[in-house]
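# Observations on chain architecture
Residue-level listing of the chains:
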Amino acid sequence: MRRLLLLCALLACSFAATAKGPGAARKLIESSLHVTGTIDITPAGDVVAHAFDQPEKLPKGIVDIAARLVPQWKFEPVALQANAVSRSKMSLLFVGKKRDDGSVALELRSASSGGGNGDEGVRIAEGNRRLAYPMQLMRNGVSGSVFLQLKIGRDGKVVNIDASHVNLRVIGSEQEMKLWRDIFVRSTIATVKDWTFVVPQSGPGAEAGHWFGTLPISFMVEGEKPGEYGRWETYVAGPKALIPWLQDSPLADGNVDALTPNAFHAAGTGRRLLTPLSGG
């Protein structure tokens, strides 16, 4: 197998360097910046304030873009006390992609609001079998992130499970990358399908017959460090799979890339955004 090319060198200042490797794969290379913070929303659904965690670590351009877009958002109204404002955790994913002319297209790709990390009442139970790094991929230095979509029953067991996509942090031929993604998906599903989850026994949503959610899983080889907050991360974006059993679920829009890795995130628990991410 040819020597793998680490993606962190493909885009200078996260974007400027010229990628080497298969042409088809180069077109899928993206850099993303994951930003967290809080957002204050009125009962009518208007955004009155937002704040970023550790803003001093974020590029000024990103802060400026958010300052322009976030106040334009409109969320679904809720029945709260008059003048009450709800504060939620906010997670944004900015994505940059190099155009053919060398310029960079920058967009706010996805956003989520809500408790996150199990605050919604559904969480991973203790004692589940640990995920193992697929040995074939570990030996060859292949790393990436798998986005699992799950349906959890009232007994905490997995009813349905599929992977929506896999983003790789190394580059190879089209056939190699398909194989690596397939191995990641088969390995993670084989383990997580037998996991047990803790479901809510009281409070909002406790009477639901099932829960949908996303479990992003990040695999890093030895010596690879998690990305620092405020720094761009580069990867080869994986194709999105069509999952039939999700079509009428809160996960149908597939807007999950901004979720924190290695934690279960229940769908449909945050305030629902009515306007486009680009404002409206």
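Above this text sits the structure in question.
Residues numbered from 1 in each chain as written. Predicted model: local features only at pLDDT ≥ 70, side-chain atom pairs only at ≥ 80, totals over all residues. Heavy atoms only, no water.

## Observations regarding the overall build of the protein chain
Note the following rule: Strands here are runs of E lasting at least two residues and helices are runs of H or I lasting at least four, both read from the DSSP assignment and numbered beginning at the N terminus. Here the term buried applies to any residue with accessible area under 20% of the maximum for its type, exposed to any over 50%, and partly exposed to those in between, with areas from a 1.4 Å probe on protein chains only. Should any heavy atoms of two residues lie within 4.5 Å, those residues are considered in contact.
Secondary structure summary: the protein chain contains four helices and 13 strands in total. Taking all 280 residues of the protein chain together, 45% fall into the buried category. Taking as baseline every contact in the protein chain between residues at least 6 positions apart, the subset at least 24 positions apart corresponds to 77%.

## Focus: the pattern of salt bridges
Stated precisely, the cut-off is as follows: Salt bridges are defined by distance alone: a side-chain nitrogen of Lys or Arg within 4 Å of a carboxyl oxygen of Asp or Glu.
Across all of its chains, the model carries nine salt bridges by this definition. A salt bridge links D40 to R87, with the nearest nitrogen and oxygen atoms 2.7 Å apart. On the criterion of sequence distance, the pair formed by D40 in strand β2 (residues 29-41) and R87 in strand β4 (residues 86-98) is long-range, its members being 47 residues apart. By relative accessible area, D40 is classed as buried at 9%. Since its relative accessible area comes to 61%, R87 is described here as exposed. Here K193 makes a salt bridge to D194, at a shortest N to O gap of 3.4 Å. A residue is classified by how much of its surface remains accessible, and K193, at 40% relative accessible area, is partly exposed.

## Quick look at helix α4 (residues 174-192)
Here is the rule: Under the convention used throughout, the expected extent of a helix is 1.5 Å for every residue step, that is, one less than its residue count.
The end-to-end C-alpha distance of α4, which contains 19 residues, comes to 27 Å, matching closely the 27 Å that a straight helix rising 1.5 Å per residue would cover. Among all positions of α4, only E176, M177, W180, R181, I183, F184, T188, I189, T191 and V192 are buried.

## Side note on the pairing of strand β8 (residues 158-168)
Threshold: Each pair of strands is called paired provided DSSP finds at least two bridges between the two strands.
With eight of 11 residues buried, β8 lies mostly within the body of the structure. Hairpin connection, strand β7 (residues 144-153) to β8: the antiparallel pair is bridged by four residues, and G156 has positive phi, about 80°.

## Concerning the side chain of S32
Mapped onto the elements of the fold, S32 is located in strand β2. S32 has contacts with L93, F94, V95, R231, W232, E233 and Y235, leaving out every residue within four places of it along the chain.

## Concerning helix α2 (residues 60-69)
The condition is simple: The directions from the helix axis to the C-beta atoms are what the arc is built from.
What α2 keeps buried is the set I62, A66 and L69. The buried residues of α2 all sit within an arc of 70° when viewed along its axis, so they share a single face. Opposite the packed face of α2, turned more than 90 degrees from it, sit the exposed residues K60 and R68.

## Let's talk about unusual backbone geometry
Here the phi dihedral of Q54 falls at roughly 45°; this positive angle occurs in a residue that is not glycine. Mapped onto the secondary structure, Q54 falls in the loop between β3 (47-52) and α2. With a relative accessible area of 36%, Q54 lands in the partly exposed category. Look at N262: it is not a glycine, yet its phi comes out positive at around 60°. Within the secondary structure, N262 is located in the loop between β12 (233-236) and β13 (265-266).

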